[in-house]
There are 2 protein chains.
Amino acid sequence: MSVLVVGTVALDSVKTPFGSVDEALGGSATFFSVAASYFTDVAVVAVVGEDFPEEHVAMLENRGVDTEGLVVDRGRTFRWAGEYGFDLNTRETLDTQLNVFEEFRPVIPDRLKRCEYVFLANIDPVLQRSVLEQVERPRFTACDTMNFWIEGSRDELLRTLAMVDAIVVNDSECRELAGEANLLKAARLVQGLGPGTVIVKKGEHGALMLTGDRFFAAPAFPCESVFDPTGAGDTFAGGFMGHLARTGDLSDANIRKAVVYGTVMASFSVEQFSVDGMTSLSPEDIEERVSVLKGVSHFEV
Amino acid sequence: MSVLVVGTVALDSVKTPFGSVDEALGGSATFFSVAASYFTDVAVVAVVGEDFPEEHVAMLENRGVDTEGLVVDRGRTFRWAGEYGFDLNTRETLDTQLNVFEEFRPVIPDRLKRCEYVFLANIDPVLQRSVLEQVERPRFTACDTMNFWIEGSRDELLRTLAMVDAIVVNDSECRELAGEANLLKAARLVQGLGPGTVIVKKGEHGALMLTGDRFFAAPAFPCESVFDPTGAGDTFAGGFMGHLARTGDLSDANIRKAVVYGTVMASFSVEQFSVDGMTSLSPEDIEERVSVLKGVSHFEV
């Protein structure tokens, strides 16, 4: 088992200018694992309630996702509802029901403790650290976080950051975490907190990565029909970690390629609600977009 | 004479979180022509008042800028004062005094009417068109504009856009001009208004270009010490047009390179107040940053 993800599996109700969906499959671990499943074996550790539709579990298993760590607890599944503004750049959370997720304490099944690549999606940094304490010397670990933890659990977050190889955050979170407006300086400051690789997600503006002392800027895939951005960041992380696990190559050049695969997977995700844009891709579909992205960003001098 | 720019020459009072400057040399035609002067011959058509410091004219002439079209009118020079927010992404205009610029009607000296490359900086689209009517079959024309004209002189602006080869605007202006939130779709819509090449400036997120049916995304140069963003867009345009004029090559590949040179020139400009970051560069300084930008944006697949 190559990649382990710990995060949420949820039912999302989303409204965008282009349509709406009710209680669709969502959650960070969901988007991550579907994306990563195109590259490598992936196992999910999360919790759902007794009301969680069996068809979603079947979909994950059909994609080869290991669901042994997907615990079914008494109660209802985590639910989130949100609405996007006309340009999809602003999002309002309408409702959050933690339900079974409130008591979630990730337990890594023995069989999964030797996963070499571990992704800690955006959950309490204390829980993120408990995962790191359960796994056995992974080759590469990465985490996400958000303003809620940066503001409310900063010390715990700093302890977690000191233990991971990479952090994947959005640009406003990176600036807030660093207390620095210049994004490049902010990335360097975050790197100083522990993670050797800092990846900043900038939505339609692509991603910025700092590895060692080198910056890499990848544009977003040129999507002219963005439909629902929900899960784009977790999908990005799934493509990123999936490519690293598939290749086992942690060189700078290959980490750049991983950012490109993450970018491409996110572009499929945002074209439909839920994970619908990612359920029936071929390897050729993915490679074609990698080529397009290269064509968009390269120049000769 | 290769490149002709028509725009403003001004005295700017600028306050940033890092310092302030009083009545420093500014204006779109100034930033443009200093940047372009590193690549080709450039002539400026603008107006200043009797109070305009002779040393600024001397600086332009020392850089080889043709100032025959820089008219000195009775009255005071155009003045602008502004203040930037802590992250340099927001700017408040504190004062605008048009002064002699209020009556500016660009007259292109006969000797300059055969300039092959013409840049119409952000001025009234009626005046932009009057320039196009005075010059003799330029090879490549480009214009800038702003929300003031998009909202207040839309019909005039559309008539100008129908006559130019390229438009260089910032992202919010592109969306507003097109009435479309998706920036890629917006660029296509703007292209449909006339200019075959649409360049969207995104500040710290770089530039997006649509030429024909191909997109190109260039990251910003990784500047960790942005000091004053004033004039960055005009500087970009100067590097862009300067490279095109220097090479005389309007191929897609070379227009991409022009975007890269524009990006690099802007990076020098923002590191100091006024045009101070651009007054003593060597060709090697410029080429070095081009190489860095390539290193930042390229990946192998």
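Residues numbered from 1 in each chain as written. Chains lettered and ligands numbered in written order. Predicted model: local features only at pLDDT ≥ 70, side-chain atom pairs only at ≥ 80, totals over all residues.

A few points about the overall build of chain A
In terms of regular secondary structure, chain A is built from 10 helices and 14 strands. Since a compact globule built from 301 residues should have a radius of gyration of about 19 Å, the 18 Å found for chain A is in line with a globular shape. By principal-axis analysis of the C-alpha atoms, chain A measures approximately 60 × 40 × 35 Å. Burial statistics for chain A: of 301 residues in total, 52% are counted as buried. The contacts of chain A with a sequence gap of at least 6 include a subset with a gap of at least 24, amounting to 65%. (Helix = DSSP H or I, 4+ residues; strand = E, 2+ residues; numbered from the N terminus. Rg over C-alpha atoms; globule rule 2.2 N^0.38 Å. Buried ≥ 20, exposed ≤ 12 C-beta atoms within 10 Å, placed from the backbone. Contact = placed C-beta atoms within 7 Å.)

What about the sheet that holds strand β8 (residues 91-97) of chain A?
Residue and element names in this part refer to chain A. Strands sit in the order β3-β2-β7-β8 across an open sheet of 4 strands; the sheet is mixed. Two strands bound the open sheet, and with one partner strand each, they are β3 (19-26) and β8. Ignoring strand direction, the axes of neighbouring strands in this sheet form an average angle of 15 degrees. (Pairing = 2+ DSSP bridges. Axes fitted to C-alpha atoms, helices over the stretch in contact; angles between N-to-C directions.)

Here we look at the relation of the copies chain A and chain B
The transformation that overlays chain A on chain B combines an axial shift of 0.0 Å with a rotation of 180 degrees, and the residual RMSD is 0.0 Å. Taken together, the rotation angle and the small translation identify this as a two-fold axis. The overlap is high: 100% of the interface residues of chain A also sit at the interface in chain B, so the same surface is used on both sides. (Least-squares fit on C-alpha atoms with pLDDT ≥ 70 in both.)

Considering unusual backbone geometry
Phi angles above zero are rare outside glycine, and R137 of chain A is one such case at about 40 degrees. Tracing the sequence through the fold places R137 of chain A in the loop between α3 (125-134) and β10 (140-143). The backbone of E23 of chain B shows a phi angle near 50 degrees, a positive value even though the residue is not glycine. Assignment of secondary structure puts E23 of chain B in strand β3 (residues 19-26).

Quick look at the nonpolar core
Note that soluble globular proteins tend to have their nonpolar side chains buried in a common cluster. Counting 196 residues, the largest nonpolar core has I167 of chain A together with I167 of chain B as its most contacted members. In this structure, I167 of chain B is in contact with A142, C143, L161, V190, P195, V198 and I199 of chain B, ignoring residues within four places of it in sequence. (Core = buried A, V, L, I, M, F, W, Y, C linked by C-beta atoms within 7 Å.)

Some thoughts on the pairing of strand β13 (residues 207-211) of chain B
Residues and elements named next belong to chain B. Most of β13 is tucked away, with 5 of its 5 residues classed as buried. On β13, burial covers both faces: A207, M209 and T211 on one face and L208 and L210 on the other are all buried. With 5 bridges connecting them, strand β12 (residues 197-201) and β13 associate as antiparallel partners. Its bridge partner being in β13, V200 is matched across the sheet by L208.

Considerations on the environment of S153 of chain B
Residue and element names in this part refer to chain B. Note on placement: S153 falls in the loop between α4 (147-152) and α5 (154-161). Under the C-beta neighbour-count criterion, S153 is labelled partly exposed, with 16 such atoms within 10 Å. In the structure, S153 is positioned 33 residues away from L120 in sequence and 16 Å away in space, judged by C-alpha atoms. Look past the residues within four positions of S153 in its chain and what remains in contact with it is D124 and P125.

Notes on the sheet that holds strand β7 (residues 79-84) of chain B
All names here are of chain B. In spatial order, the strands read β3-β2-β7-β8; together these 4 strands make up an open sheet with mixed pairing. Strand pairing shows two members of the sheet lacking a second neighbour, β3 and β8 (91-97), which therefore form its edges. The mean angle between the axes of side-by-side strands here comes to 15 degrees, regardless of whether they run parallel or antiparallel. With 5 bridges joining them, strand β2 (residues 10-16) and β7 adopt parallel strand pairing. Its bridge partner lying in β7, S13 is registered against A81.

Observations regarding the interface of chain A and chain B
At the interface, 29 residues of chain A touch 29 residues of chain B. Those elements that place two or more of their residues in the side of chain A that touches chain B are α7 (183-191), β14 (214-218), α9 (252-269) and α10 (283-297) of chain A. For the side of chain A that touches chain B, the per-class residue count stands at 16 nonpolar, 4 polar and 9 charged. (Nonpolar A, V, L, I, M, F, W, Y, C, P; charged D, E, K, R; others polar.)

Quick word on α3 of chain A
Residue and element names in this part refer to chain A. Those residues of α3 lying buried are P125, Q128, R129 and V131. All buried residues of α3 fall inside an arc of 150 degrees around its axis, so they share one side. Packing partners of the buried residues in α3 comprise β1 (3-6), β9 (117-120), β10, α4 (147-152) and α5 (154-161). (Arc of directions from axis to C-beta.)

Brief notes about the pairing of strand β12 (residues 197-201) of chain A
Looking down a regular strand, the side chains alternate between one sheet face and the other. All names here are of chain A. In terms of burial, β12 is largely enclosed, as 5 of its 5 residues are buried. Two elements, strand β11 (residues 166-170) and β12, share 5 bridges in a ladder whose sense is parallel. In the sheet register, A166 faces β12, and the bridge partner there is T197.

Side note on the packing of helix α9 (residues 252-269) of chain B against helix α10 (residues 283-297) of chain B
Residue and element names in this part refer to chain B. Two elements in contact, α9 and α10, have axes separated by 9 Å at closest approach and are oriented at 115 degrees. The orientation of α9 with respect to α10, classified from their angle, is roughly perpendicular. Judged by the twist between their axes, the crossing of α9 over α10 is right-handed. The residues of α10 that touch α9, namely those facing V260, Y261, T263, V264 and S267, are I286, R289, V290 and L293. (Parallel < 35°, antiparallel > 145°, perpendicular 65-115°, else oblique. Left-handed = near helix turned anticlockwise from the far one by under 90°.)

Notes on the packing of helix α6 (residues 171-178) of chain B against helix α7 (residues 183-191) of chain B
Residues and elements named next belong to chain B. Axis separation between α6 and α7 bottoms out at 8 Å; the angle between their running directions is 60 degrees. Between α6 and α7 lies a crossing whose hand is left-handed. Contacts between α6 and α7 involve D171, C174, R175, L177 and A178 from the first element and L183, A186, A187, L189 and V190 from the second. Counted by class, the contact of α6 with α7 contains 8 nonpolar, no polar and 2 charged residues.

Observations concerning the environment of E102 of chain B
Inspection of the secondary structure assignment puts E102 of chain B in the loop between β8 and β9 (117-120). Taking the C-alpha atoms as reference points, E102 of chain B and R159 of chain B, 57 residues apart in sequence, are found 22 Å from one another.

A short note on the environment of F240 of chain B
Residue and element names in this part refer to chain B. Inspection of the secondary structure puts F240 in helix α8 (residues 232-247). As a C-alpha pair, F240 and A36 span 204 residues in sequence and 7.8 Å in three-dimensional space. Those residues in contact with F240 that lie beyond four places of it in its chain are A258, V259, Y261 and G262.

Re α9 of chain A
The first and last C-alpha atoms of α9 of chain A sit 26 Å apart over 18 residues, in line with the 26 Å expected at 1.5 Å per residue. Among the 18 residues in α9 of chain A, 13 count as buried, and that is most of the element. (Expected span 1.5 Å × (residues − 1).)

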